[in-house]
Amino acid sequence: MANYKLYCMGESGNAYKVALMLDLCRLSWEAVWVDFFHGETRAPEFRSKLNEQGEVPVLEHGGKRLSQSGVILDYLAEITGKFGAKSEDERREIWRWILFDNHKFTANLATLRYLVQFAKTGETPVTEFLRARAINAMKIVDHHLGDKPFIIGERATIADLSMVGYLYYGDELTVPLGGFVNIERWMDRVKALPGWKHPYDVMPRKPGKAAS
Ligand SMILES: N[C@@H](CCC(=O)N[C@@H](CS)C(=O)NCC(=O)O)C(=O)O
């Protein structure tokens, strides 16, 4: 029986951040598919039983139930001793980037992808606004990675797993990744970590699109 239960769906980059960490740490886990596209995260039962914030990922482990990918990553880093901080300065630097990720990087990329890819809004002033903000955030990250292989320096941490997660959805993001050379190299470095898998290969998708 798996030790960790992750409530997720393949389309969720935020859940993928946690799935990736679980796989890179070789932890035994099972995915519980959440029917996001039919409103499960908005249902009273989900909010009362799993997460009052109405979001995946949710991780259950050892009697604990955790949400917010950054908090879950921090929890797993503490338990495994992998991909975490080795000093207080590193801890602050990791959180500085996870907060930037949640506020500006993932936030804009994910909302843009949702509108164009899943809600099929077509191009609108809102998608233009979000794409411009996503590209601005990507410029900041690309510049930051100009002189270091990973977000806080020489080794991968949970800050990388948080920030890179959505980027493997590629064309679905409707943002040109091609111009961001440092980001592309960074994605390749994370991809080269033993245990890496694409999001659609680790988490179940909507019916008819099961994980391979
Ligand atoms: N900051 C949160 C964001 C989580 C999030 O936005 N999850 C999305 C799926 S990727 C969700 O469950 N949304 C449900 C909804 O908005 O109804 C995290 O990092 O865990």
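These numbers come from a predicted model, not from an experiment. (Residues numbered from 1 in each chain as written. Predicted model: local features only at pLDDT ≥ 70, side-chain atom pairs only at ≥ 80, totals over all residues.)

K.L.:
Where do I start with the site of the ligand in this structure?
P.N.:
Surveying the vicinity of the ligand reveals 15 residues, the closest of which are Ser12, Asn14, Thr41, Glu55 and Ser69. Secondary structure elements with two or more residues in the shell around the ligand: helix H1 (13-24), helix H3 (69-80) and helix H4 (88-118). A breakdown of the residues in the shell around the ligand according to their chemical character gives 4 nonpolar, 9 polar and 2 charged. (Near = placed C-beta within 6 Å. Helix = DSSP H or I, 4+ residues; strand = E, 2+ residues; numbered from the N terminus. Nonpolar A, V, L, I, M, F, W, Y, C, P; charged D, E, K, R; others polar.)

K.L.:
What am I meant to see in the domain arrangement of the protein chain here?
P.N.:
In many analyses, interface size is given as the accessible surface area lost on bringing the parts together. Split into domains, the protein chain comes out as domain 1 (4-82 + 196-202) and domain 2 (88-191). For domain 1 versus domain 2, the separation of C-alpha centres amounts to 19 Å. Across the contact, 14 residues belong to domain 1 and 13 residues belong to domain 2. For the side of domain 1 that touches domain 2, the secondary-structure elements that each account for two or more residues are H1 and H3. (Domains from an automatic or database assignment. Contact = placed C-beta atoms within 7 Å.)

K.L.:
What exactly am I supposed to notice about the environment of aspartate 147 here?
P.N.:
Residue placement: aspartate 147 occurs in the loop between helix H5 (125-144) and helix H6 (158-164). Remark: the alpha-carbon pair of aspartate 147 and asparagine 182, spanning 35 residues in sequence, is separated by 9.0 Å.

K.L.:
Looking at this model, I keep getting lost on the packing of H4 against H5. Mind explaining?
P.N.:
The angle between the axes and the distance between the axes are what describe a pair of packed helices. Where H4 meets H5, the closest approach of the two axes is 8 Å, and the angle between their N-to-C directions is 145 degrees. Where H4 crosses over H5, the handedness of that crossing is left-handed. Contacts between H4 and H5 involve Lys104, Phe105, Asn108, Leu109, Thr111, Leu112, Leu115 and Val116 on the former and, on the latter, Val126, Thr127, Leu130, Arg131, Arg133, Ala134, Ala137 and Val141. Considering only residue class, the contact of H4 with H5 consists of 10 nonpolar, 3 polar and 3 charged. (Axes fitted to C-alpha atoms, helices over the stretch in contact; angles between N-to-C directions. Left-handed = near helix turned anticlockwise from the far one by under 90°.)

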